[in-house]
Amino acid sequence: MTLLSLVTLGLSATFNAQASSLQDQLAAVAAAENAGKAQQQALDDARQARFDREAREERARRARIAAASAERQRQRDAAAAAEKSRVLAENQADKKRDQSYEDELRQLELEQRKLALKREATRVAREDDYIDQELKSRAARTDVIQSEADATRNLSLGGRDLMQSEGKAREKKAGSWFN
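**Describing the overall build of the protein**
From N to C terminus, the protein includes three helices and zero strands. Sequence-ordered secondary structure for the protein, helices as α and strands as β, is α-α-α. Total accessible area on the protein is roughly 15800 Å²; 57% of this is exposed by carbon and sulfur atoms.

**Section: the pattern of salt bridges**
Inspection of the entire model under this criterion finds 18 salt bridges. One salt bridge in this structure joins Lys37 and Glu33, with 3.7 Å as the shortest N-O distance. With Lys37 and Glu33 both in helix H2 (residues 22–125) and four residues apart, this pair spans about one turn of that helix. Asp129 is paired through a salt bridge with Arg126; the nearest N and O atoms lie 3.4 Å apart. A single salt-bridge network, built from bridges that share partners, covers Glu58, Arg61 and Arg62.

**Remarks on H2**
Given 3.6 residues per turn, any residue in an α-helix points the same way as the ones three and four places further on. Taking 1.5 Å of rise per residue, the 104 residues of H2 would be expected to cover 154 Å, and the 148 Å separating its terminal C-alpha atoms lies within 8% of that figure. Considered for burial, the residues of H2 that qualify are Ala28, Ala32 and Gly36.

**Brief notes about the confidence of the model for the protein**
Per-residue confidence for the protein gives a mean pLDDT of 85; residues scoring 70 or more make up 87%. Between the elements of the protein, mean pLDDT differs from a low of 55, seen in helix H1 (residues 2–18), to a high of 93, seen in H2.

**So, the packing of aromatic side chains**
Under the defined criterion, the tally for this structure stands at zero aromatic pairs. The ring centre of Tyr130 lies 4.5 Å from the NZ or CZ of Arg123, which sits over that ring.

What counts, and where the lines are drawn
- Residues numbered from 1 in each chain as written.
- Predicted model: local features only at pLDDT ≥ 70, side-chain atom pairs only at ≥ 80, totals over all residues.
- Heavy atoms only, no water.
- Helix = DSSP H or I, 4+ residues; strand = E, 2+ residues; numbered from the N terminus.
- Areas by Shrake-Rupley, 256 points an atom, 1.4 Å probe, with all protein chains shown as cover.
- Salt bridge = Lys/Arg side-chain N within 4 Å of Asp/Glu carboxyl O.
- Expected span 1.5 Å × (residues − 1).
- Buried < 20%, exposed > 50% of the residue type's maximum accessible area, 1.4 Å probe, protein only.
- pLDDT = per-residue confidence, 0-100.
- Phe/Tyr/Trp six-rings, centres within 6.5 Å; stacked < 30°, edge-to-face > 60°.
- Lys NZ or Arg CZ within 6 Å of the ring centre and 35° of its normal.

Structure, rendered in structure tokens:
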């Protein structure tokens, strides 16, 4: 406003010298006032333009910050999704390995059961052979026991016969004249 006052005073002085009538002086004051208002409006417009520019720059800065934040969040989300995918793939691989191992164990167990059944079926089919074998084994043991008993009896009879012979020989010797 001080600039406006100075301009008004300067213009008044200039108009005073030129204008002699009151009407001219009033017109000069009105012109000076209009010039001041125009200047004030120009200052206000410049201030508003600067405010609008700063507001646009602030919105642009905030938009860049938001975009950068959104990009970082998208990268974090992508990294988390990749990690989740990796962990899931790892778990599935472990599960597949475990299932393969369990399948092999089941297959081995089934084969063992089949062999046990086959062994039992073979044993049942050859049960008569096993019974005959067992009877022959018992008969052989009985024969061995009988042979040992016969051998013991023969030794006993041989020892008895020997003693009887020896006894008769002594009797004979004792009964003869020339001892």
